[in-house]
Amino acid sequence: MLLDPDAEDAVAYELCQLVGRAILPYRRTDQPDPGEPGGDGTAFFFQDASGEYLLTADAVTGGTGDLGLRASVTEPVGVAPPTLGVGGWDRRPEIGVAILPASELHRQAGEGGWAWRVQPVIDVIAADAAVVERVGAAPASAFVLAHGVREDGDRPLEVAVERVVRADGVVRVAAELPAGYVGAPVFSVEADDDGGMRLHCLGLLLPGSDGHPVATFDRIRAALPDVA
């Protein structure tokens, strides 16, 4: 669904309110192998009936990394460290995704005397195969919530409003996005039966040139480990 600019601005604002605290900056800390991508990315929390997970792109995880902790995603204020070291990703290079069950993150928080205060992307808005299949060659509005990388190293939460299309059988965001965006969730909207809009999280952003492929949620969902 292609929206006018005012409607896109409204959706972008609502997304920040709805899932802004699901999304965190990630930085790989181990040394990439020659020819392997490295650097900065974005990770986000996802929750379904089986449990809660941290998701990002396999390309940015490596072995270990640091997850940035904004003050708004932890409680009580001032107790959590500015970054949390994470490792043990379940890497799925065949779909481009890395998965970390959130139980380990909650354990680390408990040992440190703080707790997570996040807004996970929930299963009801994660796109199923039928939603993914409806992405076609005609451009539709897409919203990427990510932590970009500014010149001073700051990593604020940002929303890129772009276009999503299906090209050569692959769902793609049709623009090259800045450093730090790989791994971020990609959202779209569809008209519903009541004349309103239905929100979908199509999947997460993968590295690419002349645009970015999207690892779609129908494939991500099938790869999630059972953590119940």
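Residues numbered from 1 in each chain as written. Predicted model: local features only at pLDDT ≥ 70, side-chain atom pairs only at ≥ 80, totals over all residues. Heavy atoms only, no water.

Undergrad: Explain the nonpolar core to me, using residue names and the numbers behind them.
TA: Counting residues in each nonpolar core, the largest one holds 53 residues, and the members touching the most others are Phe-46, Leu-55, Trp-116, Val-121, Phe-187 and Leu-204. Sequence-distant contacts of Phe-46, that is, excluding residues within four places in its chain, are made with Gly-51, Glu-52, Tyr-53, Leu-55, Pro-120, Val-121, Ile-122, Asp-123, Ala-126, Phe-217 and Leu-224. (Core = buried A, V, L, I, M, F, W, Y, C linked by side-chain atoms within 4.5 Å. Buried < 20%, exposed > 50% of the residue type's maximum accessible area, 1.4 Å probe, protein only. Contact = heavy atoms within 4.5 Å.)

Undergrad: Just give me the short version of the sheet that holds strand β12 (residues 157-167), but keep the residues and values in it.
TA: Around the barrel, which closes on itself, the six strands sit in the order β11-β12-β13-β16-β15-β14 with antiparallel pairing between neighbours. Each adjacent strand pair in this sheet contributes to an overall mean axis angle of 45°, direction not counted. As paired strands, strand β15 (residues 197-205) and strand β16 (residues 212-216) are joined by three bridges and run antiparallel to one another. Each bridged residue has a counterpart across the sheet, and for Gly-203 the counterpart in β16 is Thr-216. (Pairing = 2+ DSSP bridges. Helix = DSSP H or I, 4+ residues; strand = E, 2+ residues; numbered from the N terminus. Axes fitted to C-alpha atoms, helices over the stretch in contact; angles between N-to-C directions.)

Undergrad: Tell me about the pattern of salt bridges, residues and numbers included.
TA: Evaluated as defined, the whole model comprises nine salt bridges. The salt bridge partner of Arg-155 is Asp-40, with a shortest N-O separation of 3.7 Å. Residue Arg-155 is located in the loop between β11 (140-147) and β12, and its partner Asp-40 is located in strand β2 (residues 40-48); the two are separated by 115 residues in the primary sequence. Look at Arg-155 and you get buried, because its relative accessible area is 11%. Asp-40 gets classed as partly exposed once you look at its relative accessible area, which sits at 21%. Each member of the salt-bridge network shares a partner with another, and the members are Arg-27, Asp-40 and Arg-155. (Salt bridge = Lys/Arg side-chain N within 4 Å of Asp/Glu carboxyl O.)

Undergrad: Quick one: what's the story with unusual backbone geometry, residue by residue and with numbers?
TA: In the segment running from Glu-75 into Pro-76, the intervening peptide bond is cis, with an omega of -10°. Mapped onto the elements, Pro-76 comes out in the loop between β5 (74-75) and β6 (83-87). Of note, Asp-168 is a non-glycine position whose phi angle comes to about 55°, a positive value. Residue placement: Asp-168 occurs in the loop between β12 and β13 (170-173).

Undergrad: Could you give an account of the state of the cysteines, naming the residues involved and the relevant values?
TA: Any covalent bond linking the sulfur atoms of two cysteines counts as a disulfide. Evaluated as defined, the whole model comprises zero disulfides. Not engaged in a disulfide, the cysteine Cys-16 finds its nearest cysteine sulfur in Cys-201; these two sulfurs lie 14 Å apart. Since its relative accessible area comes to 26%, Cys-16 is described here as partly exposed. (Disulfide = S-S within 2.5 Å.)

Undergrad: I'd love a proper account of the environment of Gly-136, names of residues and values included.
TA: Among the structural elements, Gly-136 can be located in the loop between α4 (129-133) and β11. Separated by 31 residues in the primary sequence, Gly-136 and Ala-167 have C-alpha atoms spaced 8.0 Å apart. Not counting residues within four places of it along the chain, the set of residues in contact with Gly-136 comprises Val-165 and Arg-166.

Undergrad: Quick one: what's the story with the packing of aromatic side chains, residue by residue and with numbers?
TA: Where two aromatic rings form a pair, the distance of their centres and the angle of their planes describe that pair. Here the structure, examined in full by the defined rule, presents four aromatic pairs. Taking 4.8 Å as the distance between ring centres and 45° as the angle between the ring planes, the aromatic pair formed by Phe-46 and Phe-217 counts as tilted. In this pair, Phe-46 is assigned in strand β2 and Phe-217 in helix α5 (residues 217-223), connecting sequence segments 171 residues apart. Each member of the pair, Phe-46 together with Phe-217, is buried. Taken together through their ring pairs, the aromatic side chains of Phe-45, Trp-114 and Trp-116 make up a single cluster. (Phe/Tyr/Trp six-rings, centres within 6.5 Å; stacked < 30°, edge-to-face > 60°.)

Undergrad: Could you give me a rundown of the pairing of β2, with the residues and numbers involved?
TA: Within β2, seven of the nine residues are buried, which leaves it mostly tucked inside the rest of the structure. Here β2 runs beside strand β3 (residues 51-57); their pairing, made up of five bridges, is antiparallel. By the bridge assignment for β3, Gln-47 is matched with Glu-52. Both β2 and strand β10 (residues 121-122) contribute to a ladder of two bridges, which runs parallel. Paired with Gln-47 across the strands is Ile-122, a residue of β10.

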